[in-house]
Each structure stands twice: as structure tokens, then as C-alpha cells.
Amino acid sequence: MIERIKDLQEKSAGLEPDSARRKQMKQSTDAYAERFLESLSGQKAYVRFDQSVDKELHSPIKETPQDISDIVSFIENKVIPHGLNPASGGHLGFIPGGGLPASALGDYLAAVTNPYAGIYYSSPGAVLMEKQMITWMADLVGYPSTAGGYLASGGSLSNLTAVIIAREAHEIKPADIEKSVVYLSEQTHHCVERALKMSGMNYCIRRYIPVDDRFKMQAEILEKTVQSDLEKGYKPWIVVASAGTTDAGAVDPIDKIAKITSAYNLWFHVDAAYGGFFLLTDKGKQLMKGIEQSDSVVLDPHKGLFTPYGLGALIVRSEEAAAQAHRYRAHYMQDTKNTDAVYSPSDLSPELSKHFRALRMWLPLKLHGVAAFRAALEEKMLLAQYAHEQISKMPGFETGPEPELSVFMFRCNPGTGDPDKLNREIHRMIIDDGEIFFSTTTHKGHFMLRLAVLSFRTHLDTIDETLRTLKEKAETAAQNI
Ligand SMILES: *Cc1c(COP(=O)(O)O)cnc(C)c1O
């Protein structure tokens, strides 16, 4: 047996490369990272592909080691190039991401040191850093010191966790589900619908409160609907407001909604996955006035704080409510239950073992300072406003409402022909070209183009190029169709 053990140790020794080998591996990956970042301004924002890439992407996992430079070359040439390039400042579709290089370094250190970030007993450092990030965001929202929360993988998981906490806080039993009412709008992100399903609340009653012509939930109608539900014997449970809708960037009237949720004792959840970090700006703070009165808020650092994907945050006014919903016990965890009053992330969320996510947020905040983020966010708002102004002046174009944050809809409508067909063609040409990337949406049955500015790499030159491209494609498209 001893012989076999020694033999196996030798065969697996490659898993622990020595310093020289580590350096060589890092040189390979670093060199590619540098090539990628240095060439970004010349890279496309979108590269169309067909299913032929699937075959190219197949690289078998073998019993034997492969060379690092071949592996990096495969990633560089096969894995990364196709589809959307969220690292590009030309990404103006959906809700843009970013990918701060400083976050990547945080991820690297987090993975090398690999602290057990879910439990205070295992790593007070990692846990307290996560708590510091939560407190920083809770202060941004304006919550009292009772607040808590956790760093999740994104907005969808954070919204799911919020719905579960709200369900537990209102002590909804199976028999109550069909009488419980959730209030949202047609503009609410679809992950909330998924959260209801996954949290066992699928059979609750949905009330889609109509929005006004600026896509904002109409608070007066919300109040009347709650009253009418109470008269019918239903149980109004939760209002989900949006601070920055995905489609139009609209901020619901949070202040007015807070008065209603407080008067009728409803859980007030704000989905600020896209818009939340605009709270760093004066305009954002003004728009989201009243958010401090909510019970829970979701913010996505992988959107508004430009970190790489995989970072969302749930902040709850009452940390205790989050703990109530996630309390657990297990024999094999008995060593970790410290007597101090510190809740670990695993006490407040569905996760146990977790990546040291805080470092990818903390490190860039430390390194660059908050002022740089505040400036970038204000710049994005002004760029969207500028683009909206310029497009509304372009002959043959019409725009939706002025962006409150950094998203708006528009379309080309010269007054003749089928505008849906024309805008589909414009969009097709822009995607074929790939220098910039837009996504589209449907509003009142019309096919709409949509511009979203949120990448930290989108600047004035990107927007000017976008305006030129639009003009040019609109002319060609009119001839094509
Ligand atoms: C992006 C977004 C979500 C979903 O978040 P993910 O991080 O993509 O899971 C939810 N709500 C809003 C308003 C969003 O913009």
C-alpha cells in the first residue's frame, strides 16, 4: 500500500507546480490578458457566429497534460472571440458589464489564498470584508445599522433570496399562498417571476400595476389595488419596485410606494440591480429618494460598479430577517457556531462554501477610490442624455422618454414604409458590422432600438461613432428594404 501511495503522489505531483513553473504559466496567461486589454479599442463589440463554432470549441479533456501556451491559444482564438464582447466600450446593449482589471487581480488572490468565505470561524478576514462591502452599500441606500445582506453571484439570485426572506418575514404558510398578493409592473425584471416560482410562491396572486408614459409604476393605482385586494379578503404581501428598469431605465416612484407599503404593512423590495450604484451621484440619489424606507434592495456590482460578472448584492434593512429565513443546523458544522453575535454569510443566504467575492469589489474601491466610480457613473448618465438629444435631432428618428439614468429607446421612423422592418434591418446591419452592439425591445407592439450606457469603457468618442453609424445604416437600410 505504501508503494502505491508513493506512486500516486508522484503521478499527481503536477497539481502543485513549483515556482518556476508557476511563473511560466502566469506569463502565458498574463501575456494574453495584456494582448486582450491592449487590443480592446480595435476589437468588435459583437462577432456574429453560426453553429460551426461548436465543433471548433470541442477540445477533449485528456488523461495527459497539455501545454499552457496551447491552452491559452485555444482560449484566445476559439473560446473568447465569438458573440458579445462585454469588455468593449462599444457594448451598448442589454445592461452592459465591464470587467475592471483590478477585480481580476482580486479574484486571482482570492482563488490562490482560497479562504472559506462563508463562515466567520473559518475566515474572519473574508467574512468581515464582505460585511464591510454590505455596510458600504447599506449606507449608500440609507439603511440603519440593523441592516445586513450578502454578496451573491448576481441580481437573479439576490432577488430570489429577497423573495424568500420576505416570504418568511410575513410567515406565509402553504395555505396562504393562493391569497397572498405580489405587486409589480410589466417592466419588472423577469427574474422576479422566476424567484416567485423557485421560492414556492408561484400560486400567489400577481397584480401588474400599470406604468405611466415614462414607464413608472402608478402609485395611486397601486394603493387602490391594495385596498381592493384587502376588501376581497386577500393578503397583500410584497411590492417589487424597480430602480432602473431593464427596458427603459425607469425608476418607480419609490417615495410614494414606501408610504403605501408602510401604511398597509407590505414588504417593500426594490430591484436596483441596474440602477443602484447611481446612488453615488446626486441625480441618482434624487431619483431614488425613499429607497431608505424599503425592506430590501438588490444592487449588481457587476453592472454599476463595473466588476466582472458574478457579483450581485442583496441588502436587507433587518439582518435579523435574513437570518431568520436561513437558519440551519448540522452536526458537522458544530465547531463553527461562534457565540459572538456575528452572522456569517452562510447564516444569511442559501450558500455555504463560497468564493471570496468581496475582494473583487473591495480591491478596486480601495485602489481607485469612490470618486472615480462616481465620476464614471455621472459620465454614463450624461453620455446617454447626449445620445438621446442627438438622436432626437436626427431627421427621421424618434426617441422615447429622455433617459433618467442611462438607458433609452428610439427608432427610425421616416413616415413612409414599415418602420418595424426598417429598424430590424438597421439593427441587423449594426450587428453584422459589430463595431458597436445594441439590443432591441418591443414597445406598444413596435420594434424599438435601445441604447444602454454603462460600461466604464464607453466614452464620448464611442457615442459619436454610434451616432455616425446609426445615420449611415439608416440610409443604407432604407435602400435595402
Ligand atoms: C440585470 C438585472 C437583473 C438580473 O440580474 P443578473 O445579475 O443578470 O442575474 C435583475 N433586475 C434588473 C433590473 C436587472 O437589470
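Everything below is about the structure shown above.
I will try to describe carefully the structure that is included in this document. (Residues numbered from 1 in each chain as written. Predicted model: local features only at pLDDT ≥ 70, side-chain atom pairs only at ≥ 80, totals over all residues. Heavy atoms only, no water.)

## Focus on the site of the ligand
Quick note on the threshold: Here, proximity means that at least one heavy atom of the residue falls within 4 Å of the molecule or strand. Whenever a nitrogen or oxygen atom comes within 3.5 Å of another N or O atom, the pair is scored as a polar contact, on the condition that within protein one atom can donate a hydrogen and the other can accept it, and that pairs from neighbouring residues in sequence are kept only if both atoms are in side chains. In these tables, accessible area is a Shrake-Rupley quantity obtained with a 1.4 Å probe, and a residue counts as shielded only by the protein chains included in the view. Helix and strand assignments come from DSSP, with helices taken as H or I runs of at least 4 residues and strands as E runs of at least 2, each series counted from the N terminus. Three residue categories are used. Nonpolar comprises Ala, Val, Leu, Ile, Met, Phe, Trp, Tyr, Cys and Pro, charged comprises Asp, Glu, Lys and Arg, and polar comprises the others, including Gly.
The ligand sits among 15 residues. The nearest are G155, S156, D271, D300 and K303. A distance of 2.7 Å separates an oxygen atom of the ligand from a polar side-chain atom of H302. If the ligand stood free it would expose 380 Å²; the protein chains cover 86% of that surface. When residues of the shell around the ligand are assigned to their parent elements, the largest contribution, 3 residues, is made by helix α7 (residues 155–169). Partitioned by chemical class, the residues of the shell around the ligand number 4 nonpolar, 8 polar and 3 charged.

## Comments concerning the sheet that holds strand β13 (residues 446–452)
Stated precisely, the cut-off is as follows: Whether two strands pair depends on DSSP finding at least two bridges between them. Between N-to-C directions, angles span 0 to 180 degrees; the directions come from axes that are lines fitted to C-alpha atoms, helices contributing only their stretch in contact.
Spatially, the 4 strands line up as an open sheet ordered β10-β11-β13-β12, and their pairing is antiparallel. Strands with a single pairing partner mark the edges of an open sheet, and in this sheet they are β10 (397–399) and β12 (439–443). Recorded for the sheet is a direction-independent mean angle of 40 degrees between the axes of neighbouring strands. Pairing of β10 with strand β11 (residues 407–412), which is carried by 3 bridges, proceeds in the antiparallel orientation. Along β11, the bridge assignment pairs F397 with C412.

## Thoughts on the packing of helix α16 (residues 370–393) against helix α18 (residues 460–480)
What counts is decided by this rule: With respect to orientation, any angle under 35 degrees is reported as roughly parallel, any angle over 145 as roughly antiparallel, any angle of 65 to 115 as roughly perpendicular, and every other angle as oblique. The hand of a helix crossing depends on one turn: near helix anticlockwise from the far one by less than a right angle means left-handed, and clockwise means right-handed. Throughout, a residue-residue contact means that at least one pair of heavy atoms, one from each residue, lies within 4.5 Å.
Contact geometry for α16 and α18: axes closest at 10 Å, N-to-C directions at 25 degrees. The pairing of α16 with α18 is recorded here as roughly parallel in orientation. Taken as a pair, α16 and α18 cross one another with a handedness that is right-handed. In contact with L383, Y386, A387, Q390 and I391 of α16, α18 contributes L460, I463, D464, L467 and L470. Class assignment for the residues of the contact of α16 with α18 results in 8 nonpolar, 1 polar and 1 charged.

## With respect to the packing of aromatic side chains
The condition is simple: Only rings of Phe, Tyr and Trp enter the pairing, Trp through its six-membered ring, and a pair is recorded when the two centres are within 6.5 Å. The plane angle decides the type: under 30 degrees is stacked, over 60 is edge-to-face, the rest tilted. Relative accessibility under 20% of the residue-type maximum defines a buried residue, over 50% an exposed one, and the middle range a partly exposed one, all with a 1.4 Å probe and only protein chains included.
Enumeration according to the criterion identifies 10 aromatic pairs in this entry. Seen from their ring centres, F306 and F456 are 5.7 Å apart, and the 45 degrees between their planes marks the pair as tilted. Placement of F306 in the loop between α12 (301–304) and β9 (312–316) and of F456 in the loop between β13 and α18 is noted, with a sequence separation of 150 residues between them. Residue class for F306 comes out buried when judged on its relative accessible area of 2%. The interplanar angle of 40 degrees and the centroid separation of 6.4 Å between the aromatic rings of F397 and F410 together place this pair among those described as tilted. With F397 in strand β10 and F410 in strand β11, the pair connects residues that are 13 residues apart, well separated along the chain. Comparing F397 with F410 shows no difference in burial state: the two are buried. Clustering of aromatic rings is evident, with ring pairs tying together F397, F408, F410 and F438.

## Quick notes on a nonpolar patch on the surface
Short version of the rule: The residues that make up patches have over 30% relative accessible area and no salt bridge, and they are joined within 9 Å when like-charged or within 5 Å when they are Val, Leu, Ile, Met, Phe, Trp or Tyr. When a carboxyl oxygen of Asp or Glu is within 4 Å of a side-chain nitrogen of Lys or Arg, the pair counts as a salt bridge.
A contiguous nonpolar surface patch, about 360 Å² in accessible area, is contributed by L57, I71, I75, V79 and I80. With respect to the helices and strands, L57 occurs in the loop between α3 (52–56) and α4 (68–79).

## What to know about the side chain of S294
Within the secondary structure, S294 sits in the loop between α11 (282–287) and β8 (296–299). Overall, S294 belongs to the buried group, its relative accessible area being 0%. A polar contact of 2.7 Å, which involves the side chain of S294, links it to the side chain of Y143. Apart from the residues lying within four places of it in its own chain, the contact partners of S294 are Y143, F268, V270 and R317.

## Concerning the pattern of salt bridges
All chains considered together, the criterion is met by 23 salt bridges. For E404, the salt bridge is made with K216, and the minimal N-O distance between the two is 2.8 Å. One end of the pair, E404, is in the loop between β10 and β11; the other, K216, is in the loop between β5 (205–208) and α9 (219–231), with 188 residues separating them in the sequence. Both residues of the pair, E404 and K216, count as buried. The residue R327 makes a salt bridge to E320 at a minimum N-O spacing of 3.5 Å. For R327, a relative accessible area of 52% puts it in the exposed group.

## Topic: the state of the cysteines
As used in these notes, a disulfide is a covalent bond between sulfur atoms, one from each of two cysteines. As a reminder, the rule being used: Criterion for a disulfide: a pair of cysteine sulfur atoms within 2.5 Å.
One pass over the full model with this rule turns up 0 disulfides. Note on C191: no disulfide assigned, nearest cysteine sulfur contributed by C204 at a separation of 15 Å. Classification of C191 by relative accessible area gives buried; the value is 4%. Given a relative accessible area of 6%, C204 falls into the buried group.

## Observations concerning the sheet that holds strand β7 (residues 267–272)
Taken together, the 7 strands give an open sheet; going across it, the order is β3-β9-β8-β7-β6-β4-β5, and neighbouring strands pair in mixed fashion. The open sheet has two edge strands, β3 (148–152) and β5, and neither has a second partner. Across the sheet, the axes of successive neighbouring strands diverge by a mean angle of 15 degrees, strand direction being ignored. For strand β4 (residues 180–184) and strand β6 (residues 235–242), the ladder comprises 4 bridges, and the chain directions are parallel. When the bridges of β6 are listed, V182 appears paired with I238. Across the face of the sheet, α7 comes into contact with β3, β6, β7, β8 and β9 while running at roughly 20 degrees to β9.

## Observations regarding the nonpolar core
In plain terms, the rule: Nonpolar core, defined: a set of buried Ala, Val, Leu, Ile, Met, Phe, Trp, Tyr and Cys residues in which side-chain atoms within 4.5 Å join the residues together.
Among the nonpolar cores identified, the biggest contains 63 residues, and M137, L222 and M288 are the most heavily contacted of them. The element best represented in this core is helix α6 (residues 124–141), accounting for 8 residues. In contact with L222, other than residues within four places in its own chain, are Y183, I209, M217, V239, I257 and I260. Counting 32 residues, the second largest nonpolar core, distinct from the first, contains I177, V240, A322 and A325.

## Brief notes about the packing of α6 against helix α15 (residues 359–368)
As a packed pair, α6 and α15 sit with axes 9 Å apart at the nearest point and diverge in direction by 65 degrees. Relative to α15, α6 is oriented roughly perpendicular. Crossing of α6 against α15: the hand is left-handed. Note on element contacts: α15 touches α6 through L359, M361, W362 and L365, opposite M129, Q132, M133, W136 and M137. When its residues are assigned to classes, the contact of α6 with α15 shows 8 nonpolar, 1 polar and no charged.

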